[in-house]
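# Secondary and tertiary structure notes
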Amino acid sequence: MAYSVQLILVFAATLAIFHTCESQATANLYESSSGTDIVEPGSNVDLGFTITYYGRKYTSLYVSQNGYIATSPDASVFEYITWPNPGNPDYTLIAPYYAEVTLRPVIRSKPPSIPLYVKYEIVSQEAKLNNFTLEIEENVLAADGFRATNAFMVTWSDVTFSGVAWQTFADAPKNTFQAVLVTDGTRTFAIFNYHELTWTGGPNADGKAEQNYTNADFPPAQAVFNAGNRMGTYTLPYSNTSNIIQLETSGGSSMRGRYFFDISDDIIKAGGCHDNGKLEISPSFGGMLGGNVVEISGPCFEETDNIWCRFDDVQVVGTYVNRAMIQCVVPILKARGRIELAVSTDGGSSYGYKTTYTVGLLGHIPDGVLLTDKQEWMKTDPQNLYLTWSPSELIRSSNALVNIEIYGYKEDGNSVTWQKLRAIGEREPNSGQFNFQPSTVQCNSNDCLEYLVGAIQVSVADGSITDSPRRLWSPVLALGWFIRQAAITKYKNNWASQMCTEWSVKEENDKTWFDDVPTCPCTVNQSMADFGRWQPDVGCNINAGSECRYHPNAVHCVRSVVGTSQGAGSQCCYNGNGEIMYATDSFNGSTADRSLEWGQSPFRQPKLVPALSHWVQDVIPYYYCCLWSTENCVNYMRVRPTKACGSYEAPKPAMTYGDPHFITFDGKKYTFNGLGEFVLFQSTQSDFVLQGRFEQPTNLPFDNVNATVVTSVAMKETNSPVIEIRVNPDGADWKRKLTVLVDGQHVHFDEPGLMWQDFQDVVAIINNESPTANEQTNFTVLFKSGVGIQVANIDKLLNIITMVPPNFKDTTSGLFGNWDEDASNDLKAQSSGASPVTNADDIETIHKSVGVTWRVSKSTSLFQYTTLNFEELNVNNFEPHYNIPSLRMNMTLTDTVVMSLCGSNKQCQFDYYATGDSAIATATLDAQERYDQLVDSIKPVQVCGLLNIDNIDKSLKEGTSYNVGSRIKIIGCADGYELKTGASYECVTDDTGTITRWSPTEGAKCLTTEEAKELLAEANTASIALGVIIAIIAVAVIVGLTVWWYRTRQSGSHRTPEVDLEDQPGEKDTTDEKEVEGGYENVVEAEMMDEKAEHEPKEKAADVTPTEIVDDSEITPGGTENEGYAKGEDETVPEKPKTSSKSYLPWHKKKKDKSNKAVAAEKKDELDEKPVETSIDDVEAPAEPTPGGVAPAEPTPGGVTNVGFTKEDEEIPKHKKRFPWSKKKDKSHKSKKDEEHSAEQTHDGEGTETTGEEPPSVEPTNDMPDQPETTPEKPVKAESDV
């Protein structure tokens, strides 16, 4: 940091080389030891090194006598142009004083008597370069580490304005100023020195400078940086005004009249101090926990100023560094995105200087303190905990002492609070590492139980070496190890279970938030295609190679981007088959979030604070329900259920690409080559507008191409800023291929913490590239309405994919057409009543009758025109190529070459013939393939949803697929439950093929032991009663028959009783044979049959054919399950670990289902043959969850498998992950004989005959845990601290 005492002393000592003066004095010039006079009116100079200016690199410059340096001799002729110039020319200039200068009188008979000149010098002396370095570090933010290697200096000495006659030349006003360009080969800084300014732009009647001659020929001078190529302009204070001579006496740095600028990037950053009312800050972003020091420049500060900074709504005291710079430490913040940073010099009474500061979401900004062995930090009773940090990041002095402290976070009523809880290390060496025993710092106060979430802070101890305010923070973590003793005091040893019970009861009373939670997409492909409403969970992202170790069996998870009105959201996870995972099936799947991971505007309030509210509302309860205890994890799943996908509605894509081609929302493909700016689509829904700028391509194999490409796109909706993304021109794209502007201001995405940035009512702009290979070629823009826009740079043109949510249907218009599922009316002019063009191949008619009608007006355009001209860009009479035959004329490109690349694809052929660029043609093919993939991904999926029958959450199942055609088989129950009338269920549709349901609708039940005993007792009682009744009836019948027989004999009848009985009307008793679908008619009868089976020879039971059930009241039509959760009706527990690959392989052939009686008999035989033994290797280890965007070390609900069914005293090792279709076996439960028998019975090593179908479309990764391949066995409980 340049403000250190040592650096200031060195700087003071080395300024002697320059003509220095007091800070209030005017800047003197840097001395030039061997300058070279220019050749009038200017000279070309080969530098011998590279300077970077506005993102471009230059090795030669042109020096003009007229107060500027240009990058090309094209600017040698002076022109009276006001910069920025929206027309032509648009030269690249560095101009400390742009005005017409004369070095000789108009009549040259007498030479001037004063030594006026313009000289330049290439500086190579090490002493001068070192002093440039020191001054730059002192006056420019973020210049630490810069070391000058070369410099170029130009001095205009005693120059006067054009038109002065020789008679008055000696007495004419004179100006002296200087420009120095200093570089290290990558970064370049400019220094302007204004030593003496006495004239502004030209002569006047009496020759006085303050009365400037201001006719059209002699406007005031300009001090300006102009990028050229329509890239931007930066002007100094007073430029192009009669007050420009005040640059000499105004503040510029610690020395008046000296100004510093960082000119390397596409944004010119002013150093020193100035009077333009703007603030420059570095860094411009940080995390929510703050602690980093922000350097601020802008106004010229005085040592007596009472400096305060205000970040959002939090005020902190600032520190004076020098006249050009102050510092403020970022406080703890409770919002994300862009916040206001304001500076006061009067103690906070007024804040006259403002800028914006970007706050990154927790987990998106690198942590300053790292937690070693994160599993230990999750426990409640670890022996030792270790942490590390970078000593130099905290403070440069290795002798400094530090404090290590625990901070806690809570939400209470209407407030959110961070509180220092306890010091775990005081005045410790700044060694970068520390460890402690948690048992020595535990809290025993009830107040501690309010702080279950917290973080570790490392800071410089007071009075140690320096009072550096820098603070480093760990990731957010659970404080179970800190509050453990207090919890035991209040709740006894089962404190975690008690806390879970209290929490779940409270949550049961308020489930209204769940009603509006977004419905999960049904498949992983849908979740990735719907990028406007769902974004990947950083801890389980298939595209980033995440291991998903917090979601075993999952390959990808997404989170809803926009929260509900109450700030809730959904997390949706998908298995190796690409199907959604339900909370009821496992504890590592999809759950609802009471508080959205991203937070919800206006933030700063309980349940709405980004990341932290999610920790309080969703993550910590998961800890004490499922990690710190296990028996109540079912309660967590009941109040945080999966929002099933049956009612999910997919978005709709539209696209423009190539030269340019369009695919409308209804799938119509056509080509339109307009020149100018046009409406791609607009909607009455949220007043959304998307506009595109079409320009003729340059630097292609074929010059003067009569076609266009999209070079810029602009968009907005209600209350959002205008977002513009444009292609950078050649030479300016070495660092970034695309430029992003928000309300006209450049926004950079260079650092890891800036890859995702939030703005008002634009949820985010995301740089989709890796920070390590960050050319910024691909951005995604997410809007509050759910619209997603992807913009990609492909060989100097833009491909744009638009994805709109279902509520945009019947509201769109523009070049993307009206989404109404009717492609025939998409090609329609903007004017009402116009008939659509139906022939998509009639490019000329489409161009003249449809395309050009969607041109934007100057008043409706969203684009920036700082250096551009609307009329020049929008050419109404442009005539493009309309067909491929016209493109072939006078071309050297052969049909054979084109067809070998494009085949029959017309769009590819068009682009290749038009541009001659194979890369553009290939990109067109790729774009169409991408569109086809999107359309395929969002196709509707028919699902039945989770089975919704009695106690299904207590059952053990084969199969977790809920799509039409899938089959679920109930094979057992959890410990403490008994299976009655097991059954197999199939997801089917009705006769119309539109309504889905499970068949049969009833069947299996898991009863508690007590319930089963009660039913058995009832059955026994009923049997006794029935026996008595039958005995009475039998006696009555016998008596009756006897009487009848006696009377018959008396009457002489010869009929036998048997004959008479056969003739009696009535029904045969078939109770013992009657069955219904899924099993016997009632539980009592089933119990009686089970008892009978135990004492009588077994007979093979006939297969039971499911009977069609009309009443669907107990299932969820269309798969929209779990609605009962919102009403407190249903309870779920995680199912037992899956026991066969059949549950993951829908392409396996299914064995014919046996009757429930046969299954029960076989099950009993298996249990009689050998006792149940369960190895802990067969139970999936509960992995620590992650709260979405929070650093992966922390867990999220859904991160443990079947914890509720595991033994308390056994440890659960992690499995080596693999795909469910892998043929690797787990033999831990099979004897050798069992294995041999199994091998004889199978064809594929999995115990099941395969069908030969291909695996699902989801790409395999190695993050799936091994699946047990044994028959179901009693599960065990996990160690409570895992």
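Conventions and cut-offs
- Residues numbered from 1 in each chain as written.
- Predicted model: local features only at pLDDT ≥ 70, side-chain atom pairs only at ≥ 80, totals over all residues.
- Heavy atoms only, no water.
- Helix = DSSP H or I, 4+ residues; strand = E, 2+ residues; numbered from the N terminus.
- Buried < 20%, exposed > 50% of the residue type's maximum accessible area, 1.4 Å probe, protein only.
- Contact = heavy atoms within 4.5 Å.
- Areas by Shrake-Rupley, 256 points an atom, 1.4 Å probe, with all protein chains shown as cover.
- Expected span 1.5 Å × (residues − 1).
- Pairing = 2+ DSSP bridges.
- Axes fitted to C-alpha atoms, helices over the stretch in contact; angles between N-to-C directions.
- Patch = residues over 30% accessible without salt bridge, like charges linked within 9 Å, V, L, I, M, F, W, Y side chains within 5 Å.
- Salt bridge = Lys/Arg side-chain N within 4 Å of Asp/Glu carboxyl O.
- Core = buried A, V, L, I, M, F, W, Y, C linked by side-chain atoms within 4.5 Å.
- Parallel < 35°, antiparallel > 145°, perpendicular 65-115°, else oblique.
- Left-handed = near helix turned anticlockwise from the far one by under 90°.
- Nonpolar A, V, L, I, M, F, W, Y, C, P; charged D, E, K, R; others polar.
- Phe/Tyr/Trp six-rings, centres within 6.5 Å; stacked < 30°, edge-to-face > 60°.
- Lys NZ or Arg CZ within 6 Å of the ring centre and 35° of its normal.
- pLDDT = per-residue confidence, 0-100.
- Disulfide = S-S within 2.5 Å.
- Polar contact = N/O pair within 3.5 Å; in protein donor to acceptor, adjacent residues only side chain to side chain.

When helices and strands are counted, the protein shows 21 helices and 58 strands. Scored against the burial criterion, the 1282 residues of the protein give a buried share of 56%. A sequence separation of at least 24 residues applies to 66% of the contacts in the protein between residues at least 6 apart. A total accessible area of about 53300 Å² is found for the protein, and carbon and sulfur atoms account for 48% of it.

Looking at the secondary structure, you find Asn869 in the loop between α10 (843-850) and α11 (870-873). Assessed through its relative accessible area of 23%, Asn869 is described here as partly exposed. In this structure, the C-alpha to C-alpha distance between Asn869 and Asn88, residues 781 residues apart in sequence, is 9.5 Å.

What follows covers helix α6 (residues 495-508). Under the 1.5 Å per step criterion, the end-to-end length of α6 is 20 Å for 14 residues, consistent within 8% with the ideal 20 Å. Those residues of α6 not exposed but buried are Trp495, Ala496, Ser497, Met499, Cys500, Trp503, Ser504 and Glu507. In this structure, the buried side of α6 is in contact with α5 (480-491), α8 (612-627) and α9 (633-639).

Another point: the sheet that holds strand β36 (residues 652-657). In spatial order, the strands read β38-β37-β36-β49-β48-β47-β46-β45; together these 8 strands make up an open sheet with antiparallel pairing. Whereas interior strands pair on both sides, the edge strands pair on one side only; in this sheet they are β38 (669-671) and β45 (756-759). Going across the sheet, the axis of each strand differs from the next one's by a mean of 15°, ignoring polarity. Along the sheet, helix α14 (residues 906-915) contacts β36, β37 (661-663) and β38; its crossing angle with β37, the most-contacted strand, is approximately 160°.

Right, let's get into a nonpolar patch on the surface. A surface patch of nonpolar side chains, amounting to about 320 Å² of accessible area, comprises Ile1029, Ile1033, Val1037 and Leu1041. As for its position among the elements, Val1037 is in helix α16 (residues 1009-1051).

What follows covers the sheet that holds strand β11 (residues 222-226). Pairing is antiparallel in the open sheet, where 6 strands are placed in the order β2-β3-β4-β5-β11-β12. Across the chains shown, the open sheet's two edge strands, defined by having one partner strand only, are β2 (42-53) and β12 (233-235). Pairs of neighbouring strands in the sheet enclose a mean axial angle of 25°, with direction left out of account. Across 3 bridges, β11 lies against β12 in antiparallel orientation. Residue Asn226 lies in a different strand from β12, and its bridge partner there is Thr233.

Positionally, Thr501 belongs in helix α6. Taking C-alpha positions, Thr501 is 10.0 Å from Pro621, a pair spaced 120 residues apart along the chain.

Our focus in this paragraph is the nonpolar core. Counting residues in hydrophobic clusters, the biggest one holds 98 residues, and the most contacted among them are Ile296, Phe311, Leu387, Trp389, Trp481 and Tyr624. Looking at which element gives the most residues to this core, the answer is α8, with 10 residues. Among the nonpolar cores identified, the runner-up in size contains 49 residues, and Val154, Leu197, Ala223 and Ile244 belong to it.

Consecutive side chains along a regular strand alternate between the two faces of the sheet. Across the 6 residues of strand β5 (residues 93-98), 6 count as buried, placing the element largely inside the fold. Judged from the 2 bridges that link them, strand β4 (residues 68-70) and β5 form a sheet pairing that is antiparallel. Counterpart to Ile69 in the pairing with β5 is Ile94. Where β5 lies against β11, 4 bridges are found, and the strand directions are antiparallel. Within the sheet, the bridge partner assigned to Leu93 lies in β11 and is Asn226.

The final tally for this structure, using the stated rule, is 32 salt bridges. The salt bridge involving Glu121 is made with Lys128; its shortest N-O contact spans 3.9 Å. Lys128 shares its class with Glu121; the two are buried. Linking Asp758 and Arg336 is a salt bridge whose minimum nitrogen-to-oxygen distance equals 2.4 Å. One end of the pair, Asp758, is in strand β45; the other, Arg336, is in the loop between β21 (325-329) and β22 (337-344), with 422 residues separating them in the sequence. We classify Asp758 as buried; its relative accessible area is 5%.

This paragraph deals with the packing of α14 against helix α15 (residues 918-937). Closest axis-to-axis distance for the α14/α15 pair is 8 Å, and the angle between their directions is 165°. Considering their axes alone, α14 and α15 lie roughly antiparallel with respect to each other. Crossing angle aside, the handedness with which α14 passes α15 is right-handed. Between α14, through Gln907, Cys908, Asp911, Tyr912 and Thr915, and α15, the contact on the second element is made entirely by Ser918, Ile920, Ala921, Thr924, Leu925 and Gln928.

Relative orientation of the contacting elements α5 and α6 amounts to 75°, with a least axis distance of 9 Å. By the angle between their axes, α5 is roughly perpendicular relative to α6. Only Trp495, Gln498, Met499 and Glu502 of α6 make contact with α5, whose side of the interface consists of Ile483, Arg484, Ala487, Ile488 and Tyr491. When its residues are assigned to classes, the contact of α5 with α6 shows 6 nonpolar, 1 polar and 2 charged.

A few words now on the packing of aromatic side chains. Under the counting rule described, the total for this entry stands at 53 aromatic pairs. An angle of 65° between the planes, with centres 6.0 Å apart, marks the rings of Trp377 and Phe436 as edge-to-face. With Trp377 in helix α3 (residues 374-378) and Phe436 in strand β28 (residues 433-436), this pair connects stretches of sequence that are 59 residues apart. Like Trp377, the residue Phe436 is buried in the burial classification. Measuring from ring centre to ring centre gives 6.3 Å for Trp481 and Phe482, while their planes differ by 75°; the resulting arrangement is edge-to-face. Here Trp481 and Phe482 have matching classes, each one buried. Lying over the aromatic face of Tyr351, Arg310 brings its terminal NZ or CZ to 4.3 Å of the ring centre. In this structure, Lys643 packs its charged tip against the face of Phe514, placed 5.2 Å from the ring centre.

Moving on to the confidence of the model for the protein. Per-residue pLDDT for the protein has a mean of 77; in total, 74% of the residues score no lower than 70. Across the protein, the secondary-structure element scoring lowest on mean pLDDT is helix α19 (residues 1123-1127), at 32, and the one scoring highest is strand β25 (residues 385-389), at 97. A low-confidence stretch, residues 204-216 stays under pLDDT 50, and its non-local contacts, those more than four residues away or across chains, total 17 contacts. The low-confidence segment residues 1053-1282 (pLDDT under 50) makes 515 contacts with residues lying over four places distant or belonging to another chain.

The subject of this paragraph is unusual backbone geometry. Of the consecutive residues Ser282 and Pro283, the connecting peptide bond is found in the cis state with omega at -5°. Mapped onto the elements of the fold, Pro283 is located in the loop between β15 (280-282) and β16 (285-287). In this structure, Pro602 follows Ser601 across a cis peptide bond, with omega equal to 15°. Following the sequence through the fold, Pro602 ends up in the loop between β35 (591-593) and α8.

It is worth spelling out the pairing of strand β51 (residues 955-958) at this point. Alternating residues of β51 divide into Ser955 and Lys957 and Leu956 and Glu958, and every residue in both groups is buried. Bridging between β51 and strand β52 (residues 967-973) involves 4 bridges; their strand directions are antiparallel. Opposite Ser955, over in β52, you have Cys973 as the bridge partner.

What follows covers the state of the cysteines. A full pass over the atoms with the stated rule returns 12 disulfides. Between the sulfur atoms of Cys626 and its disulfide partner Cys633 the distance amounts to 1.9 Å. When the S-S torsion is 95°, as for the bridge of Cys626 with Cys633, the disulfide is right-handed. Accessibility assignment for this pair places Cys626 and Cys633 in one class, buried.

If you check α8, its first and last C-alpha atoms are just 19 Å apart, much less than what 16 residues at 1.5 Å a residue would give, namely 22 Å. Within α8, 15 of the 16 residues are buried, which leaves it mostly tucked inside the rest of the structure.

As for its position among the elements, Lys796 is in the loop between β48 (788-794) and β49 (797-804). A relative accessible area of 27% places Lys796 in the partly exposed class. As for Lys796 and Ile920, which are separated by 124 residues in sequence, their C-alpha atoms are 9.1 Å apart. For Lys796, the contacting residues outside a window of four places in its chain are Val709, Val727, Asn728, Pro729, Asp730 and Asp733. Within the structure, Lys796 has its side chain in polar contact with the backbone oxygen of Asn728 (distance 3.1 Å).

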